[in-house]
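# Examination of the molecular architecture
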Amino acid sequence: MTPDTTQTEPVTAETELLRALITPVRHVLFDFDGPICRLFAGHTAEQVARDLVNWLEGQGLSGLLTDEERVHSDPMVVLYAVNRRHPRSDLVTELEERLTGQELKAVPSAMPTAYADPLIRTWFAKGGRLAVASNNSARTVSSYLAGRGLAECFVPHLYGRTGDLDLLKPDPHCLNRALNALGAAPSTALMIGDTPTDRVAAARAGVPFLGYVRSDRKEKLLRDAGAEVVVRSLQPVLRVLRSQA
């Protein structure tokens, strides 16, 4: 009787794809919210977006938002909307600071992504040089990593949101900052991200990309953005990394 290999073939194919992607990597650029943790696991993004909208309403500025933006679940949508209408203004600066404060409040209830901690520690122990390239505040990233005992794996290479919101991903600004600081050629680096903006930023920076998702919908979005290697768990990535000499 011929053995049923349907269970093992996809795993083997994924392993080979990951091995080919990971082997030349010397520098790893992680997106933060998604690949490292779920920042708003206990302090929901919807609550944060609502806080920003309420603050704008309290300032008499609710007219800056469309009806759709006013009820959107992503706080970054609110921030982007205000920045489009008042770019680089004091209003944007204050709104961004409020968002950073909400992110920092969310850190204690953030949920670590499964296998992220050992993946980070293993890559660091094997001599990989790591950075975070995120649209979140670098202060938020720093607070989370310190709480998990992971700061030494990254510091000082934490590149987050700046006052110029036009430089957020998909602009490759934070990736280029990381590459320059690490002295890394794009071909020796790998970006691990979970959104189309991560994929586009990596492509613009010339950096190979590994997608991490938790749903069919997010996988389709990444595939449509050009991601060729996408995983549902970081476990196979960790397994391949550990198997390398």
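Given the structure is predicted, the values throughout are model-derived calculations rather than measurements. (Residues numbered from 1 in each chain as written. Predicted model: local features only at pLDDT ≥ 70, side-chain atom pairs only at ≥ 80, totals over all residues. Heavy atoms only, no water.)

## Remarks on the overall build of the chain
Secondary structure summary: the chain contains twelve helices and eight strands in total. For the chain, whose C-alpha radius of gyration is 19 Å, the value lies close to the compact-globule estimate of 18 Å for 245 residues. Along the first, second and third principal axes, the C-alpha set of the chain runs to 70 × 45 × 35 Å. Considering only contacts within the chain whose residues lie at least 6 apart along the sequence, 69% involve residues at least 24 apart. (Helix = DSSP H or I, 4+ residues; strand = E, 2+ residues; numbered from the N terminus. Rg over C-alpha atoms; globule rule 2.2 N^0.38 Å. Contact = heavy atoms within 4.5 Å.)

## What to know about the sheet that holds strand β5 (residues 158-159)
In space, the six strands of this open sheet follow the order β5-β4-β1-β6-β7-β8, with parallel pairing throughout. Two strands bound the open sheet, and with one partner strand each, they are β5 and β8 (230-231). Two elements, strand β4 (residues 129-133) and β5, share two bridges in a ladder whose sense is parallel. Across the sheet, residue alanine 133 finds its bridge partner in β5, namely tyrosine 159. (Pairing = 2+ DSSP bridges.)

## Some thoughts on the packing of aromatic side chains
All told, the structure shown has two aromatic pairs when counted by the stated rule. Ring centres of phenylalanine 32 and tyrosine 144 lie 5.6 Å apart, and the angle between their planes is 70°; this geometry places the pair in the edge-to-face category. One end of the pair, phenylalanine 32, is in the loop between β1 (27-30) and β2 (37-38); the other, tyrosine 144, is in helix α7 (residues 138-147), and 112 residues separate them in sequence. For the pair phenylalanine 32 and tyrosine 144, one class covers both residues: buried. (Phe/Tyr/Trp six-rings, centres within 6.5 Å; stacked < 30°, edge-to-face > 60°. Buried < 20%, exposed > 50% of the residue type's maximum accessible area, 1.4 Å probe, protein only.)

## So, the layout of surface pockets
There is about 1000 Å³ of room inside the largest pocket. Considering the residues around the largest pocket, the lining is formed by 35 residues, among which Asp33, Asp74, Asp194, Thr195 and Lys218 are closest to the centre. When its residues are assigned to classes, the lining of the largest pocket shows 13 nonpolar, ten polar and twelve charged. (1 Å grid on protein atoms, 1.4 Å probe; cavity = no way out; pocket = protein on both sides within 12 Å on 5 of 7 lines; lining within 4 Å. Points joined across faces, edges and corners; volume = space filled by probe spheres on them. Nonpolar A, V, L, I, M, F, W, Y, C, P; charged D, E, K, R; others polar.)

## Thoughts on the nonpolar core
Ranked by internal contacts, the top residues of the largest apolar core, which has 57 residues, are Phe30, Ile36, Trp123, Leu145, Phe154, Leu210 and Val237. Among the elements that line this core, the one with the most residues is helix α2 (residues 45-58), at six residues. Those residues within four positions of phenylalanine 30 in sequence are excluded, and the remaining contacts are Ile36, Leu119, Ile120, Trp123, Leu130, Ala131, Val132, Ala133, Phe154, Met191 and Ile192. Counting residues in hydrophobic clusters, the runner-up holds 21 residues, among them Cys174, Leu175, Ala201 and Leu222. (Core = buried A, V, L, I, M, F, W, Y, C linked by side-chain atoms within 4.5 Å.)

## Some details on the side chain of arginine 161
Structurally, arginine 161 can be placed in the loop between β5 and α9 (173-182). By relative accessible area, which is 8% here, arginine 161 ends up buried. At 2.7 Å, the side chain of arginine 161 and the side chain of glutamate 96 are in polar contact. A distance of 2.9 Å separates a polar atom in the side chain of arginine 161 from a polar atom in the side chain of glutamate 103. In contact with arginine 161, other than residues within four places in its own chain, are Met76, Leu79, Glu96, Leu99, Thr100, Glu103, Ser134, Asn135, Asn136, Ser137, Ala138 and Leu168. (Polar contact = N/O pair within 3.5 Å; in protein donor to acceptor, adjacent residues only side chain to side chain.)

## Thoughts on the environment of arginine 223
Structurally, the position occupied by arginine 223 is in helix α11 (residues 216-224). For arginine 223, a relative accessible area of 37% puts it in the partly exposed group. Considered as a pair, arginine 223 and valine 53 are 170 residues apart in the sequence and their alpha carbons are 32 Å apart. Apart from the residues within four sequence positions on either side, arginine 223 is in contact with Glu228, Val229 and Val230. Within polar-contact distance, the side chain of arginine 223 engages the backbone oxygen of glutamate 228 at 2.7 Å.

## Here we look at empty space enclosed by the protein
Going through the model one piece at a time under the given rule, you end up with one cavity of 30 Å³ or more. Counted as a void, the largest cavity has a volume near 40 Å³. Forming the boundary of the largest cavity are Ser134, Asn135, Gly160, Thr162, Asp164, Leu167, Leu168, Lys169, His173 and Cys174. Among the residues forming the lining of the largest cavity, the class breakdown is three nonpolar, five polar and two charged.

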